[in-house]
Amino acid sequence: MVLPDAAREVVETELRRLGACSPCVLRFLGTPAADAGAYRDACARDAAAASSSGEQATCPCCLGILQFDPDPAKVDASDEDGQAPRVDVDGGGGGGAKPSGSSSAREDADDDVPPRRSPRLASHYAAGMRSAGHEIATFALEVTLPPSIPMRQAATRALLVEALRGVSAENAFSSPPATTELRDAFRATLVPALEATAIDRVTNRVRHDPNAPFKFALLFEHERCRSEAGFATRKAEEHGNRDGRNRKRRAPPPQLQLATLPDSPAATWQRVGAAYNISEKRAAEAFTTVASFEADEYASRAMAAVRGEESRDVVSGESRKTNGRATCRLFPWHAPCYLGGRYLKWKRGVPQSPWFADGGVVGEGSVQTSLETFVVKAFKSRGCRLNSAGREDMDVRMLGGGRPFILEVHDPKRPGAFAEESERQEMESFLADDNDGAVTAVNIHVVPREAYITMHEGSAEKRKTYTAVCWASRALSETDLSTLTTRCSGLTVHQKTPTRVLHRRTSATRPRVIHDAKAFAVKGSPKFFLLELTTQAGTYIKEFVHGDFGRTSPSVGSILGCEADILQLDVTDIEMAFGGPGGEEPGEEE
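Cut-offs used in this document
- Residues numbered from 1 in each chain as written.
- Predicted model: local features only at pLDDT ≥ 70, side-chain atom pairs only at ≥ 80, totals over all residues.
- Heavy atoms only, no water.
- Helix = DSSP H or I, 4+ residues; strand = E, 2+ residues; numbered from the N terminus.
- Buried < 20%, exposed > 50% of the residue type's maximum accessible area, 1.4 Å probe, protein only.
- Contact = heavy atoms within 4.5 Å.
- Polar contact = N/O pair within 3.5 Å; in protein donor to acceptor, adjacent residues only side chain to side chain.
- Phe/Tyr/Trp six-rings, centres within 6.5 Å; stacked < 30°, edge-to-face > 60°.
- Lys NZ or Arg CZ within 6 Å of the ring centre and 35° of its normal.
- Pairing = 2+ DSSP bridges.
- Axes fitted to C-alpha atoms, helices over the stretch in contact; angles between N-to-C directions.
- pLDDT = per-residue confidence, 0-100.
- Core = buried A, V, L, I, M, F, W, Y, C linked by side-chain atoms within 4.5 Å.
- Salt bridge = Lys/Arg side-chain N within 4 Å of Asp/Glu carboxyl O.
- Expected span 1.5 Å × (residues − 1).
- Arc of directions from axis to C-beta.
- Disulfide = S-S within 2.5 Å.
- Parallel < 35°, antiparallel > 145°, perpendicular 65-115°, else oblique.
- Nonpolar A, V, L, I, M, F, W, Y, C, P; charged D, E, K, R; others polar.

Q: Describe the overall build of the chain, naming the residues involved and giving the relevant values.
A: Across its full length, the chain holds 17 helices and 18 strands. Considering the chain as a whole, with its 590 residues, one finds that 49% of them fall into the buried category. The long-range share in the chain, meaning contacts at least 24 apart out of those at least 6 apart in sequence, stands at 78%.

Q: Please provide a residue-by-residue account of the environment of Ser-292, values included.
A: Tracing the sequence through the fold places Ser-292 in helix H10 (residues 290–294). Taking the C-alpha atoms as reference, Ser-292 lies 9.7 Å from Ala-155; in sequence the two are 137 residues apart. In contact with Ser-292, other than residues within four places in its own chain, are Ala-286 and Phe-287. A distance of 3.3 Å separates a polar atom in the side chain of Ser-292 from the backbone nitrogen of Thr-288. Here Thr-289 takes part through its backbone oxygen, which lies 2.6 Å from a polar atom of the side chain of Ser-292.

Q: Explain unusual backbone geometry residue by residue, including any values.
A: Omega for the bond connecting Ser-553 with Pro-554 falls within 30 degrees of zero, at -10 degrees, which places this linkage in the cis form. Secondary-structure assignment places Pro-554 in the loop between strand S17 (552–553) and helix H17 (556–560). One non-glycine residue, Asn-443, lies in positive phi territory at about 55 degrees.

Q: Account for the packing of aromatic side chains, with residues named and values stated.
A: Overall, the coordinates contain 11 aromatic pairs when judged by the stated rule. Relative to Phe-186, the ring of Phe-68 lies with its centre 5.7 Å away and its plane at 65 degrees, an arrangement referred to as edge-to-face. Of the two residues, Phe-68 sits in the loop between helix H3 (36–53) and helix H4 (103–108) while Phe-186 sits in helix H7 (residues 182–197), which places them 118 residues apart along the sequence. For the pair shown, Phe-68 and Phe-186 are each scored as buried. When the ring of Tyr-338 is compared with that of Tyr-452, the centres are 5.4 Å apart and the planes differ by 85 degrees; the resulting orientation is edge-to-face. One end of the pair, Tyr-338, is in strand S7 (residues 337–345); the other, Tyr-452, is in helix H14 (residues 451–456), and 114 residues separate them in sequence. Overall, Tyr-338 belongs to the buried group, its relative accessible area being 7%. The residue whose ring lies beneath Arg-183 is Tyr-276, and the NZ or CZ to ring-centre distance is 5.1 Å.

Q: Give a detailed account of the sheet that holds strand S1 (residues 138–144), specifying residues and quantitative values.
A: One open sheet accounts for four strands, arranged S2-S1-S3-S6; its pairing is mixed. The strands lining the two open edges of the sheet, one partner per strand, are strand S2 (207–208) and strand S6 (327–334). Relative to strand S3 (residues 214–221), S1 is paired through five bridges, and the arrangement is parallel. Its bridge partner lying in S3, Thr-144 is registered against Leu-219. Across the sheet, H7 is in contact with S1, S2 and S3; its angle to S1 comes to roughly 150 degrees.

Q: Could you give an account of the confidence of the model for the chain, with specific residues and numbers?
A: Put simply, the chain has an average pLDDT of 85, and 83% of its residues get 70 or more. Considering only residues more than four positions removed or in separate chains, one finds that residues 91–111, a stretch of pLDDT under 50, has 40 contacts. Counting interchain partners and residues more than four positions distant, the pLDDT-below-50 stretch residues 580–590 has 71 contacts.

Q: Describe the nonpolar core, naming the residues involved and giving the relevant values.
A: Judged by nonpolar contacts, the single largest core of 52 residues is most densely connected at Leu-371, Phe-418 and Phe-529. Sort the elements by how many residues they give to this core and helix H12 (residues 367–379) lands first, with six residues. Excluding residues within four positions of it along the chain, Phe-529 makes contact with Ala-468, Val-469, Cys-470, Trp-471, Ala-472, Leu-476, Leu-481, Leu-484, Phe-520, Val-522, Val-556 and Leu-560. Among the nonpolar cores identified, the runner-up in size contains 48 residues, and Val-11, Ala-193, Phe-214 and Phe-216 belong to it.

Q: I'd love a proper account of the pattern of salt bridges, names of residues and values included.
A: Taken as a whole, this structure holds 27 salt bridges when the rule is applied. Arg-271 is the salt-bridge partner of Glu-237, the closest N and O atoms lying 3.5 Å from each other. Of this pair, Glu-237 sits in helix H8 (residues 225–242) while Arg-271 is found in helix H9 (residues 265–286), placing the two residues 34 residues apart along the sequence. The partner of Glu-364 in a salt bridge is Lys-347, with the nearest N and O atoms 2.7 Å apart. Highlighted residues: Glu-364 in the loop between strand S9 (360–362) and H12 and Lys-347 in the loop between S7 and strand S8 (355–357), separated in sequence by 17 residues. Residue class for Glu-364 comes out partly exposed when judged on its relative accessible area of 43%. Put simply, Asp-393, Asp-395, Arg-500, Lys-542 and Glu-543 are held in one network by salt bridges that share partners.

Q: Account for helix H1 (residues 5–18), with residues named and values stated.
A: With 14 residues, H1 should cover 20 Å at 1.5 Å per step; its first-to-last C-alpha distance of 20 Å lies within 8% of that length. Those residues of H1 lying buried are Ala-7, Val-11, Glu-14, Leu-15 and Leu-18. On an axial view of H1, the arc spanned by its buried residues comes to 100 degrees, and they lie on one face. In H1, the exposed positions angled more than 90 degrees off the buried face are occupied by Asp-5, Glu-9 and Arg-17. On its buried face, H1 sits against helix H2 (22–28), helix H6 (148–164) and helix H11 (297–307). Count one or two residues on from H1 and you reach Gly-19, which has phi positive near 95 degrees.

Q: Give a description of the side chain of Arg-116 that names residues and reports values.
A: Its place among the elements puts Arg-116 in the loop between H4 and helix H5 (122–130). Given the relative accessible area of 2%, Arg-116 is considered buried. At a separation of 3.5 Å, a polar atom in the side chain of Arg-116 contacts the side chain of Glu-221.

Q: Hey, could you go over the state of the cysteines for me, with residue numbers and the actual values?
A: All chains considered together, the criterion is met by zero disulfides. Cys-62 carries a free sulfur, and the closest cysteine sulfur to it, the one in Cys-24, is 3.7 Å from it. Exposure remark for Cys-62: the relative accessible area of 0% places this residue in the buried category.

Q: Got a sec to walk through H3? Specific residues and values, please.
A: Here H3 is 18 residues long and its end C-alpha atoms lie 26 Å apart, about the 26 Å a rise of 1.5 Å per residue gives. Burial in H3 covers these residues: Ala-36, Tyr-39, Ala-42, Cys-43, Asp-46, Ala-47 and Ala-50. Looking straight down H3, one finds that the buried residues subtend no more than 130 degrees of arc, so they occupy a single side. Projecting away from the buried face of H3 at angles above 90 degrees are the exposed residues Ser-51 and Ser-52. Buried residues along H3 sit against H2 and H7.

Q: Please give an account of the packing of H3 against H7 that cites residues and values.
A: Two numbers describe how H3 lies on H7: the axes approach to 9 Å, and their chain directions differ by 80 degrees. Classified by the angle their axes make, H3 and H7 are roughly perpendicular. Touching Ala-36, Tyr-39, Arg-40 and Cys-43 of H3 are Ala-185, Ala-188, Thr-189 and Pro-192, all from H7. Looking at the contact of H3 with H7 residue by residue, the classes come out as six nonpolar, one polar and one charged.

This is how it looks when you write it as structure tokens:
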């Protein structure tokens, strides 16, 4: 809808009276974000005026988010490393002010959480994007706004509706045109400046791509979010607390001083984004007139803030300004890269992932730590997470062609690592020399994220081959071994969840197939024998040998008619077409 000149003048006059910045005037006049030049010019005019006057009042509509100089060439020599100055805020958190002892206040002391800053130059944002040292070819700008923004936007529109009354006798212009989203106007203004300052070593230019793996995440916060949109922040927090994925994870004992993998920025930003969405929906549905704002506790505060009225602190009784500038956390990060291959474990006593119990470390290192030592350095990443096609017990060796694995490499600053064959060979050589070669890897290669699905699909149909050293309570004859070979080949066994893992796995009975079996005598030791098995993925080999108190039936012991146990076990083959010879198995011999 195009406003006539008279109505347009009324809208602009009312917005200026409220103290709106020039870009926000364009937003409420319906100027589309595609007209990026208009928004950049408006920002530049306001920045020039603020520079000449030496002061700039915070816009009540955007909380100062659009009040920055878009010229990427302008810098402030007093800024540390070109970044915006830090802001010391009491509380603020993801949704607004919190007491100093709250989780939000503790987050500010965490090195993994970016500090609050007050960017006033495009170069401040550009410096923040480069601050972590990522190699950037394309970038995606992600903007999370405080939940008070929709409430203030709705309050501004309600005041504009009142101001427009009587402009036309037919009342055709009783409301302003659709407001351009703050997020869109901000992107349109900032993205060209970021593209102009971030230079790629290869192409000599960096472009914005919403689907780029490198993300520049901006989290804007404001101290009055809980006061003006408390219903949204509270609901978002309640939902987050109910989400099982947000439960506190087990952590290594603090006295070990081990590095821990940081959470994705998406998890940190999620609560604020959810609160914004809740606030936006309610503002559009429930608050369209001045009267509707005045009838609601939170909405009335948002209306008072837009009008520039002071609020009174409920604790101290002191008057407080309602239009402080929003702060911003700048978080450059790269989506995970994925490195696949096959690992071999030549030594017993090595768990697949770091294992902590009773305040200490269990086992000698781990497969994950062995693999990631080289990978983290090569990718310049913050850490890795190992995902493999099943796992073997700590006391089981992984031989043959190796077990397929994928390392999820978090926040790599050098995402192009391992593109060259020489680097992959260097890692294989490093593993062969590290820790006496307890863990090695072959066929290392970069894989797409979809390789996770490939690695795990069809696990029930795959086969694994084992070699086990077993014991029987009586001396075995050649006939016993021949019977064992014949009876076990093509045998279907029924396995209840083993007692050793029952505390962490669902109790169920699972049929598993022993495809092939061969039993061999150990010369000079009639009670000992070797057992070679090819089984369906997910078969518990130890339980198949000793029976697990009758929970696996039939078992080697029941077939021999005596007690049987397993002394040593090796995985010798996994059938799976993944990065080299061998086979698959996401089920496992856990």
